[in-house]
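# A look at the structure
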Amino acid sequence: MADDALWYEAALLVGVTNALNVVADSPLDSLEPASPSAEAQAVFGEIRAFYDRADVPLAFRRVAADPGYLADLWGAARRAFADNRLTRRHKEALAFAVSVTTRSAFGAAFHLAEMRRLGVGERGVMEVLGVTQMFSSYTKIADTLQLEPDMDGLAAVDRSPAPGGTAPKREERERAAPTRPPEAP
Amino acid sequence: MPTVRLRDASEYPAPIQKLFEMAKAWFNYDFPQPPAMSRVMAWDPELGGFHGRAMKRAMAPGEFTRAEKEMVAAVVSGVNACAY
């Protein structure tokens, strides 16, 4: 997991997961159009196919009054959750962890169902829940004592360029990320 | 800055120092001092022992790899806005 591309992908997934959750968990029932437009229905069709389910998740139904916005939101969500460098199965586990951590009733239920649909067994669910719970503990202990990061030297810096770009010249690289010796805590 | 003085590994009793060696092996990294969190959890071995075992059990390879789980841990930490 030393490749930054994986972490960019994970961070974008976390953002999109939270974006879907905040709308689905809010008291916004009245926003859901009783009769979605043909344009919205077309997007709904793509969403049903992606998730292989008959209904459309609440987070998408609630923004269907603006089909253009729905289409763009869906485009971002589909990209975030599709197999890429990270697998869709792993992404659903990450989204489940984020949803549990943020107490999203919609997200926790939805991504749990998706994990199971994608083949994660009860043991795998417990693994993700256990990691989520343990690191919800460590983070609060660290915050309470205001611990400072001391494990940032574990992973090497990824010097590869942005997608489609070129790597920085050596001196620019060094200016951007000067090397420093490990620090004692 | 931490709100408590983090004790050096040498200030802990010998059995705890063995646990620090295990932590080094877990991270596969030669820390100058055990990570701050390891030293905090070692403060109360009766709690830290159970907590550490639960963490290792959760992080061990199973249906998900250790690397996949490290990423789950990282996103949970990020969502909790934890800089540590």
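Residues numbered from 1 in each chain as written. Chains lettered and ligands numbered in written order. Predicted model: local features only at pLDDT ≥ 70, side-chain atom pairs only at ≥ 80, totals over all residues. Heavy atoms only, no water.

### Examining the overall build of chain A
Helix and strand content of chain A: 8 helices and 0 strands. Listed N to C, the secondary structure of chain A is α-α-α-α-α-α-α-α in terms of helices and strands. With the C-alpha coordinates aligned to their principal axes, the bounding extent of chain A is approximately 60 × 40 × 30 Å. Here chain A holds 185 residues, and the buried ones make up 36% of them. For chain A, the share of sequence-separated contacts (at least 6 apart) that also reach a separation of at least 24 residues comes to 66%. (Helix = DSSP H or I, 4+ residues; strand = E, 2+ residues; numbered from the N terminus. Buried < 20%, exposed > 50% of the residue type's maximum accessible area, 1.4 Å probe, protein only. Contact = heavy atoms within 4.5 Å.)

### Describing the interface of chain B and chain A
Contacts between the two partners involve 44 residues from chain B and, on the opposite side, 49 residues from chain A. A buried area of about 4100 Å², summed over both sides, lies between chain B and chain A, and 73% of it is on carbon and sulfur atoms. The three residues of chain B that bury the most area against chain A are Glu63(B), Phe64(B) and Met71(B), which together make up 18% of that side's buried surface. Across the chain B-chain A interface, the total number found is 1 salt bridge. In this structure, the salt-bridge partner of Glu127(A) is Lys69(B), at a minimum N-O distance of 3.2 Å. Taken together, chain B and chain A are joined by 14 residue pairs in polar contact (both at pLDDT 80 or more). Only helix 2 (36-41), helix 3 (45-59) and helix 4 (66-79) of chain B provide two or more residues apiece to the side of chain B that touches chain A. The element that contributes the greatest number of residues to the side of chain B that touches chain A is helix 4 of chain B, accounting for 12 residues. (Buried area = accessible area lost by both parts, 1.4 Å probe. Salt bridge = Lys/Arg side-chain N within 4 Å of Asp/Glu carboxyl O. Polar contact = N/O pair within 3.5 Å; in protein donor to acceptor, adjacent residues only side chain to side chain.)

### Topic: the side chain of Glu9(A)
Positionally, Glu9(A) belongs in helix 1 (residues 4-25). Sequence-distant contacts of Glu9(A), defined by excluding residues within four places in its chain, comprise Asn84(A), Arg85(A), Leu86(A) and Lys91(A).

### Topic: the nonpolar core
One broad rule of soluble globular proteins: the nonpolar side chains tend to lie buried together. Residues and elements named next belong to chain A. Membership of the largest hydrophobic core comes to 60 residues, with the highest contact counts inside it found for Ile-47, Phe-60, Leu-70, Phe-81 and Phe-135. The element best represented in this core is helix 7 (residues 122-145), accounting for 8 residues. Once you skip the residues sitting within four places of it in the chain, Phe-60 turns out to touch Leu-20, Phe-44, Ile-47, Tyr-51, Leu-70, Leu-73, Trp-74 and Ala-77. (Core = buried A, V, L, I, M, F, W, Y, C linked by side-chain atoms within 4.5 Å.)

### Brief notes about the pattern of salt bridges
Residues and elements named next belong to chain A. Per the counting criterion, the structure on display carries 15 salt bridges over all chains. The partner of Glu-127 in a salt bridge is Arg-123, with the nearest N and O atoms 3.3 Å apart. With Glu-127 and Arg-123 both in helix 7, this residue pair falls 4 residues apart, about one helical turn. Note on Glu-127: relative accessible area 6%, which makes it buried. Overall, the relative accessible area of 54% leaves Arg-123 in the exposed class. One salt-bridge network, in which partners are shared between bridges, spans Arg-88, Glu-114 and Arg-117.

### Considerations on helix 1 (residues 14-27) of chain B
Residues and elements named next belong to chain B. For helix 1, spanning 14 residues, the distance from its first C-alpha to its last is 20 Å, which sits close to the expected 20 Å at 1.5 Å a residue. Of the positions making up helix 1, those classed as buried are Ile-16, Phe-20, Ala-23 and Trp-26. Viewed along the axis of helix 1, the buried residues span an arc of 110 degrees, placing them on a single side of the element. Away from its buried face by more than 90 degrees, helix 1 exposes Ala-14, Pro-15, Lys-18 and Ala-25. Where the residues of helix 1 are buried, they touch helix 2, helix 3 and helix 4. (Expected span 1.5 Å × (residues − 1). Arc of directions from axis to C-beta.)

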